[in-house]
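Spelled out, the chains give:
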Amino acid sequence: MKSIIKLSIILVIFIFTSCLKRNLVSLKTYEGADIEGVAEVSYRYYSDEEIPASKQKKVKVIALNYSLNLDKEKAVCEINASEPSNIPSELIDEISDKRIVLILNISEAAVIRPIEDAPRLGVPADWSKPHRYEVVAANNQSRIWTIRLNYKK
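Summarised in this report is the structure supplied together with it. Source: prediction; values computed, not measured.

Thresholds, definitions, all that
Residues numbered from 1 in each chain as written. Predicted model: local features only at pLDDT ≥ 70, side-chain atom pairs only at ≥ 80, totals over all residues. Heavy atoms only, no water. Salt bridge = Lys/Arg side-chain N within 4 Å of Asp/Glu carboxyl O. Helix = DSSP H or I, 4+ residues; strand = E, 2+ residues; numbered from the N terminus. Pairing = 2+ DSSP bridges. Axes fitted to C-alpha atoms, helices over the stretch in contact; angles between N-to-C directions. Buried < 20%, exposed > 50% of the residue type's maximum accessible area, 1.4 Å probe, protein only. Polar contact = N/O pair within 3.5 Å; in protein donor to acceptor, adjacent residues only side chain to side chain. Contact = heavy atoms within 4.5 Å. Patch = residues over 30% accessible without salt bridge, like charges linked within 9 Å, V, L, I, M, F, W, Y side chains within 5 Å. Areas by Shrake-Rupley, 256 points an atom, 1.4 Å probe, with all protein chains shown as cover.

## A word on the pattern of salt bridges
Thought 1: Inspection of every chain in the model, using the stated rule, returns 8 salt bridges.
Thought 2: Across the pair E116 and R132 runs a salt bridge whose closest N-O atoms are separated by 3.8 Å. With a gap of 16 residues between them, E116 in the loop between β6 (111–114) and β7 (131–136) and R132 in strand β7 connect regions that are remote in the sequence.

Structural data, given as structure tokens:
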């Protein structure tokens, strides 16, 4: 019986002393719902080389040249991409705006979601027309962004 009372007192002390009310660090509220930049514009393809362990063909990546125009007021991201000079000649005709991989940088602690028929970012997709994405900030504010990729050989 005495041990139950001692255990109850210790438990009550821990419960009431663990609630901090002062000297707490104030955390920053992340409000950004913007596209900040481009991490990658590339073309992925299967090479003739095999991975020894799996016997599957290797996926190779060709980084495309690009320039970026961001209009944060209108929420428009325009990317002008072109093929690099060191591209293998057998791939020149294969690369098009219908199989480009795009990876974006967004505001800290935000998430980005495709809207309507927009493709997922980070996978080969058709960029022959503009797509819309919703960027949601950590404080739940959101903006709809239009992304245009203009590809020229």
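## Remarks on the sheet that holds strand β8 (residues 142–152)
Thought 1: If you walk across this open sheet you meet the 5 strands as β3-β4-β8-β7-β6, and the pairing is mixed. Edge positions in the sheet fall to β3 (65–71) and β6, since each of these pairs with one other strand and no more. Recorded for the sheet is a direction-independent mean angle of 25° between the axes of neighbouring strands.
Thought 2: Across 4 bridges, β6 lies against β7 in antiparallel orientation. Paired with P114 across the two strands is Y133, which belongs to β7.

## A short note on the pairing of β7
Thought 1: Taken together, the 6 bridges between β7 and β8 define a ladder with antiparallel strand orientation. When the bridges of β8 are listed, H131 appears paired with I147.
Thought 2: The loop that links β7 with its antiparallel partner β8 comprises 5 residues; one of these, N140, has a positive phi angle of about 80°.

## Examining the side chain of S42
Thought 1: One can find S42 in strand β1 (residues 35–50).
Thought 2: Looking at S42, the relative accessible area reads 0%, which means it is buried.
Thought 3: Polar contacts involving the side chain of S42 include one to the side chain of E40, which spans 2.5 Å.
Thought 4: When neighbours within four sequence positions are excluded, S42 is seen to be in contact with V61, I62, A63, L64, R99, I100 and V101.

## Some remarks on a nonpolar patch on the surface
Thought 1: A surface patch of nonpolar side chains, amounting to about 450 Å² of accessible area, comprises M1, I5, I9 and I13.
Thought 2: Position of I9 relative to the elements: it lies in helix α1 (residues 2–17).
Thought 3: For I9, a relative accessible area of 48% translates into the label partly exposed.

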